Amino acid sequence: MTDLDHLTQSLARNLKRHRQERGYTLDALAARAGVSRGMLIQIEQGRTNPSVGTVVKVGDALGVSITTLLDFDQEPQVRLVPAEQAVRLWSTQAGSHSTLLAGTEAPGPLELWSWRLMPGEGSSSDPHPAGTTELVHVREGLLTLSVEGRDHEVPAGTSASFEANVPHGYRNEGGEPVEMTMAISVPAPR
């Protein structure tokens, strides 16, 4: 079996699984994605090699990435992310940073983060989609969690959860670094 055959079969299996998990009929997904029902049938049966544009449209309609749709290794359901593959997405010269440790997309996106905030630094966020929840566990230091303009002190060893569809942010107003772990759950698209 060639790499293209593997991709075609992975796309067929993953598209059907994600469509069914969301309860979409072929007609409903076709309408959401702006592609024909016939194209979806051909993809799910592994009879076509669709364009990248078509795969992007279908992924967007399902709320999943192209990587998820083309993933060879959807089985078994364990994915290890070695430290060198974790992705640092935000950092400052003083040493603050956030690192995406792992993520999944079933039933909606779920991400696990490691954060370090140096004294005097912070990060703010615009509201996420309705239904988004964030969980934070402070391992070291004293975090100031701001949710919709109201501050909450979260000391080491303490966890917090909140609906993140409002403006929110994280600050370190203390004298030592804040180390925290965060999980973000975004609802699946309807």
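Please refer to the structure higher up on the page.
For every chain, the first residue of the written sequence is number 1, and numbering continues from 1 onward in sequence order. The predicted origin of the model limits local features to residues at a pLDDT of at least 70 and limits the giving and counting of side-chain atom pairs to 80 or more, whereas totals for whole chains, interfaces and linings rest on all residues. Excluded from the side-chain calculations are hydrogens and water; all other atoms, namely the structure's heavy atoms, are used.

K.L.:
In this structure, what is going on with the nonpolar core? I would like to understand it.
P.N.:
Buried together is how nonpolar side chains tend to be arranged in soluble globular proteins. Counting 18 residues, the largest nonpolar core has Val136, Leu143, Leu145, Tyr170, Met180 and Met182 as its most contacted members. Helix and strand assignments follow DSSP, with helices taken as H or I runs no shorter than four residues and strands as E runs no shorter than two, numbered in order from the N terminus. When residues in this core are grouped by element, the largest group, four residues, is from strand S10 (residues 178-185). In this structure Tyr170 touches Leu117, Glu121, Gly122, Ser123, Glu134, Val136, Leu143, Thr144, Leu145, Phe162, Met180 and Met182, once residues within four positions along its chain are discounted. Judged by nonpolar contacts, the second largest core, of 16 residues, contains Leu26, Ala30, Val35 and Leu69. Here, the term nonpolar core denotes a set of buried Ala, Val, Leu, Ile, Met, Phe, Trp, Tyr and Cys residues that are joined through side-chain atoms within 4.5 Å. Throughout, exposure labels follow a simple rule: accessible area from a 1.4 Å probe, protein chains only, divided by the maximum for the residue type, with under 20% read as buried, over 50% as exposed, and the rest as partly exposed. Contacts: residue pairs with any heavy atoms within 4.5 Å of one another.

K.L.:
For this particular structure, what's the right way to read the pattern of salt bridges?
P.N.:
By definition here, a salt bridge exists when the distance from a side-chain nitrogen of Lys or Arg to a carboxyl oxygen of Asp or Glu is within 4 Å. All chains considered together, the criterion is met by eight salt bridges. Its salt-bridge partner being Arg171, residue Asp151 comes within 2.7 Å of it at the nearest N-O pair. Taken together, the residues span a long stretch of sequence, with Asp151 in strand S7 (residues 150-155) and Arg171 in strand S9 (residues 168-171) at a distance of 20 residues. Looking at Arg171, the relative accessible area reads 27%, which means it is partly exposed. With its nearest N and O atoms 2.8 Å apart, the salt bridge here joins Glu173 to Arg171. Here Glu173 falls in the exposed class, since its relative accessible area comes to 56%. Salt bridges here are not isolated pairs; linked through shared partners, they connect Arg17, Glu21 and Arg22.

K.L.:
Please clarify how the side chain of Glu44 should be interpreted in this entry.
P.N.:
Mapping Glu44 onto the fold places it in helix H3 (residues 37-44). Whenever a nitrogen or oxygen atom comes within 3.5 Å of another N or O atom, the pair is scored as a polar contact, on the condition that within protein one atom can donate a hydrogen and the other can accept it, and that pairs from neighbouring residues in sequence are kept only if both atoms are in side chains. Separated by 2.6 Å, the side chains of Glu44 and Arg19 make a polar contact. In this view, Glu44 contacts Ala12, Leu15, Lys16, Arg19 and Leu26; residues no more than four positions away in its chain are not counted.

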